[in-house]
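Here's the letter readout for the chains.
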Amino acid sequence: MERRKFLSMTLGALALAVVPASVRAEDFRKAKPAVWTAHTVDDAIKAMYGSTALTMEGVQLTAPDVASNGGAIPVNFSTDKDVKSIAVFQDANPEAAVMVVSTTKYSVNKYAIKIKMAKSGTITIVAQGNDGKLYAAKKTLDVALGGCEG
Amino acid sequence: MAGIKVKAKLKGDIVKVKAMVKHEMMTYNMAEKKTGSRDNANFITHVSATLNGETVMDMSTSQFLSKNPIFKFEFKGIGKKGDKLLMVATDLKGKVYKGKGKIK
């Protein structure tokens, strides 16, 4: 019920045709469906954690200043904080959420992934602390060749 | 039959893993552009890794990971040389990809 309401709120905010197909993202096993359809980073963070209050510390994020290939941008992130999950968002694609990793009791929270960004923008990593805080780090980068068109 | 390539190395007390899944990771926009229909979009939505029955990594992913995505992650407190790390990935259409790697 709440999810539908959120979806329709987010959908209402969009003027693009991206919207209807995005609803199919609801078969993601773990994270809440609204997270994956959220267009802006703030909406995705709100859908994921219920708040957008970020503590800009505790998370390390490395990504190139200029990505020559927008289809494969290396992003390395880690945190030493005691967290339950870490999420990657960016504001250069139709939807903001890239991935969410859940911490297991064996996790050493250091990850490297490659992502696509359609244009220059900002990557935001949010690590949900077990203390309730949302630790975060951001990096803005230039993308030489947009990555969504393959 | 697509699978996951897994390389796991024990360094000190931490197991470092590099995994690659062969997948088009076609976004909705790409599907529309290349095939005319957003229904053809398909990308990995979930990846997990288990060792001796315990989950050591669990992530939900989106269309924005690169084609043939590579993931690097680490864990500790479990696993020794010779143990097999199992990985499973699922995509939007429900196809399951599996892979395993011995910890070296």
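Presented here is an overview of the structure given in this document. Fair warning: this is a prediction, and the values are worked out from it, not measured in the lab.

Some points on the overall build of chain B
In step 1: The helix and strand inventory of chain B stands at 1 helix and 7 strands.
In step 2: Going from the N terminus to the C terminus, chain B shows its helices and strands as β-β-α-β-β-β-β-β.
In step 3: For the C-alpha atoms alone, the extent of chain B along its principal axes is close to 50 × 20 × 20 Å.
In step 4: Expressed as a percentage of the 104 residues in chain B, the buried residues total 46%.

Re the pairing of strand β6 (residues 107-115) of chain A
In step 1: Pairing analysis gives 6 bridges linking strand β3 (residues 73-79) of chain A to β6 of chain A, with the strands arranged antiparallel. The residue bridging S78 of chain A from the neighbouring strand is K110 of chain A, located in β6 of chain A.
In step 2: Sheet topology places β6 of chain A next to strand β5 (residues 70-76) of chain B; 3 bridges connect them, and they run antiparallel. Looking at β5 of chain B, one finds that S107 of chain A is bridged to F75 of chain B.

Some remarks on the interface of chain A and chain B
In step 1: Counting residues at the interface gives 34 residues for chain A and 34 residues for chain B.
In step 2: Listed by contribution, the elements that provide at least two residues to the side of chain A that touches chain B are α2 (18-22), β5 (97-102) and β6 of chain A.
In step 3: Examining the composition of the side of chain A that touches chain B, we find that 8 residues originate from one element, β6 of chain A, more than from any other.

Considerations on the pairing of strand β2 (residues 14-21) of chain B
Residues and elements named next belong to chain B.
In step 1: On β2, burial follows the alternation: V15, V17, A19 and V21 on one face are buried, whereas I14, K16, K18 and M20 on the facing-out side are not.
In step 2: Of the strand pairs in this sheet, strand β1 (residues 4-11) and β2 are connected by 8 bridges, and their pairing is antiparallel. Note that in β2 the partner of A8 across the bridge is V17.
In step 3: Of the strand pairs in this sheet, β2 and β5 are connected by 7 bridges, and their pairing is antiparallel. Looking at β5, one finds that A19 is bridged to F71.

Conventions used here
Residues numbered from 1 in each chain as written. Chains lettered and ligands numbered in written order. Predicted model: local features only at pLDDT ≥ 70, side-chain atom pairs only at ≥ 80, totals over all residues. Helix = DSSP H or I, 4+ residues; strand = E, 2+ residues; numbered from the N terminus. Buried ≥ 20, exposed ≤ 12 C-beta atoms within 10 Å, placed from the backbone. Pairing = 2+ DSSP bridges. Contact = placed C-beta atoms within 7 Å.

Keep in mind these values describe shape, not function.
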